[in-house]
Amino acid sequence: MHCSVLGGARCRRSAPSSPAVSAEVADPLGFPARFPRPYAVVDVETTGLSPARDRVLSVAVVLTAPDGAVQGRWSTLLDPGCDPGPVHIHGLTRERLAGSPTFAAVVDELSELLAGRVLVAHNAAFDWRMLAGEGLRIGRTLPVEWRLCTLTLASRLGLELASLRLAALAEHWGVTQRRAHDAEDDAEVLAALLPRILSRAAEQFLELPLTRCGVERDGVAVYPPRYSVAGRPPPCGYRNPGPLAPGAPLVQGMRVVFTGPTRTERGALVDRAAAAGLEVTASVSRRTSLVVTNERRGATRKARAAAQLGIPTRDEREFLALLAAVAPGAPEATTPAPT
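For every chain, the first residue of the written sequence is number 1, and numbering continues from 1 onward in sequence order. Predicted model: local features are reported for residues with pLDDT of at least 70 only, side-chain atom pairs are reported and counted for 80 or more only, and whole-chain, interface and lining totals are derived from all residues. Here the side-chain values reflect all heavy atoms present in the structure, with hydrogen atoms and water set aside.

Caption draft 1: Focus on the overall build of the chain. The helix count covers DSSP runs of H or I at least four residues long, the strand count covers runs of E at least two residues long, and both are numbered beginning at the N terminus. A tally of regular secondary structure across the chain gives eleven helices and 13 strands. The contact definition used throughout considers only heavy atoms, calling two residues in contact when any of these lie within 4.5 Å. Long-range pairs, those at least 24 residues apart, make up 70% of the contacts in the chain between residues at least 6 apart in sequence. Total accessible area on the chain stands at roughly 16600 Å², and carbon and sulfur atoms take up 52% of it. Note on areas: Shrake-Rupley, 1.4 Å probe, and residue coverage restricted to the protein chains presented here.

Caption draft 2: Here's a closer look at the sheet that holds strand β12 (residues 290–293). Pairs of strands are assigned from DSSP output, requiring at least two bridges between the strands. Pairing is parallel in the open sheet, where four strands are placed in the order β11-β10-β12-β13. Both outer strands of the open sheet, β11 (279–280) and β13 (313–314), are each paired with one neighbouring strand and no more. Examined bridge by bridge, strand β10 (residues 255–259) and β12 share four bridges and lie parallel to one another. Looking across to β12, one finds that Val 256 is bridged to Leu 290.

Caption draft 3: Summary view of the packing of aromatic side chains. Any two rings among Phe, Tyr and Trp, with Trp reduced to its six-membered ring, count as a pair given centres within 6.5 Å; such a pair is stacked if its planes are under 30 degrees apart, edge-to-face if over 60, and tilted if neither. Counted according to the given criterion, the structure contains one aromatic pair. Aromatic side chains Phe 258 and Phe 319 sit 5.4 Å apart centroid to centroid with 85 degrees between the ring planes, which places their arrangement in the edge-to-face category. Of this pair, Phe 258 sits in strand β10 while Phe 319 sits in helix α11 (residues 316–323); the two residues are 61 residues apart in sequence, bridging distant segments of the chain. For the pair shown, Phe 258 and Phe 319 are each scored as buried. Burial classes: relative accessible area under 20% of the type maximum marks a residue as buried, over 50% as exposed, and values in between as partly exposed (1.4 Å probe, protein chains only).

Caption draft 4: Expanded view of the side chain of Asp 54. Topologically, Asp 54 is positioned in the loop between β2 (39–46) and β3 (56–64). Arg 53 provides the closest opposite charge to the buried, salt-bridge-free Asp 54, at an N-O distance of 5.0 Å. Any pair of N or O atoms that falls within 3.5 Å is considered a polar contact. Within protein, one atom must be able to donate a hydrogen and the other to accept it, and sequence-neighbouring residues count only if both atoms are side-chain atoms. Side chain to side chain, Asp 54 and Thr 47 meet in a polar contact 3.3 Å long. When sequence neighbours within four positions are dropped, the list of residues in contact with Asp 54 reads Thr 47, Gly 48, Leu 49, Met 130 and Arg 137. Counted as positive: Lys and Arg. Counted as negative: Asp and Glu. His and the chain ends are not counted at all. A pair is scored as a salt bridge if a Lys or Arg side-chain nitrogen falls within 4 Å of a carboxyl oxygen belonging to Asp or Glu.

Caption draft 5: Just the packing of helix α9 (residues 266–275) against α11, in detail. Helix axes are fitted only over the stretch in contact, all axes being lines through C-alpha atoms; the angle between N-to-C directions runs from 0 to 180 degrees. Close contact between α9 and α11 brings their axes to 11 Å; oriented N to C, the two are set at 30 degrees. If you check the angle between α9 and α11, you find them roughly parallel. Crossing hand, α9 versus α11: left-handed. Residues Leu 269, Arg 272 and Ala 273 of α9 touch α11, and the partners they reach there are Glu 316, Phe 319, Leu 320 and Leu 323. Looking at the contact of α9 with α11 residue by residue, the classes come out as five nonpolar, no polar and two charged. Angle categories are assigned with fixed cut-offs, so that under 35 degrees is roughly parallel, over 145 is roughly antiparallel, 65 to 115 is roughly perpendicular, and the rest are oblique. Whether a crossing is left-handed or right-handed is set by the direction in which the near helix is turned from the far one by less than a right angle, anticlockwise for left-handed and clockwise for right-handed. Each residue gets one label: Ala, Val, Leu, Ile, Met, Phe, Trp, Tyr, Cys and Pro are nonpolar, Asp, Glu, Lys and Arg are charged, and the others, such as Gly, are polar.

Caption draft 6: Up close: α9. For α9, the full list of buried residues reads Gly 267, Ala 268, Leu 269, Val 270, Asp 271 and Ala 273. Structurally, α9 contributes buried residues whose contacts are with β10, β11 and α11. Phi turns positive, to about 95 degrees, at Gly 277, one or two residues after α9.

Caption draft 7: Structural view of the pairing of β12. The two faces of β12 match: Leu 290 and Val 292 on one face and Val 291 and Thr 293 on the other face are all buried. The pairing of β12 with β13 spans two bridges and is parallel. Directly across from Val 292, in β13, lies its bridge partner Arg 314.

Remember that the coordinates give geometry; whether it matters functionally is a separate question.
Structure representation (structure tokens):
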């Protein structure tokens, strides 16, 4: 079993250590008091980018207290049962993975590590969905209620960096990154960055952009529905009536674009919009009816495009209220079948 603890003994939690925040990044407002949650900092390496098709090759977890103190480290390679994909990126060859456990063999231990903690990752939606996809394959749900994307949070800190990639943040804060695209090293680097990121957020009185991962129902974690295996919403059967007018309801056939972080799982929002007869698209154009964003005006590329084109925007709360009363639309004309 290729399972090791970062920088320590194999498959064993390390003893609690002293707070990892140095004097120069200590937060006078006390960020642990503002954000009093324990964290599980996670990184995965995968065969590709699709939770439906691709597999997790390695996963690393660093457990931290609200103040950034490292409470434990755990990692493992995994046998994906398929080709490892882009070896030139992650370096995980068939030979390195040979003899590794399957996800089913480690899911209990991983679940114990994640339970009761906020899952933290840089582009957390990806890491979470890949792990959740592995769980769904074996009929298991992971006990994670909330996730925190440090990429999203870093974008709100006003760092004025050319890039917000993990390597750029590590260089900015003087954290050594030894092996990029290595789950153990990436998780360790992010765990070292996390108290600095949280401290800056607390200084600016920001709320954490937490996203719900599952809903506890009768003791079982239920995942939001996924709208299609291919990751695309179903086609809309109504004609586009144009942009949403002030004070008017949504109409079936309207084209909706989501941008920026949301409180509701994005797939669940897309599912609900599609079920109501709306068409969800990935890009903003003159035919877009509405852009849904919780960010301040112009904070994302799609929001800026909406402003330039005069496309109306609403936040998630307003959109969900509108979604409760969608007006009937005109069905798309169908071509008669040849006789």
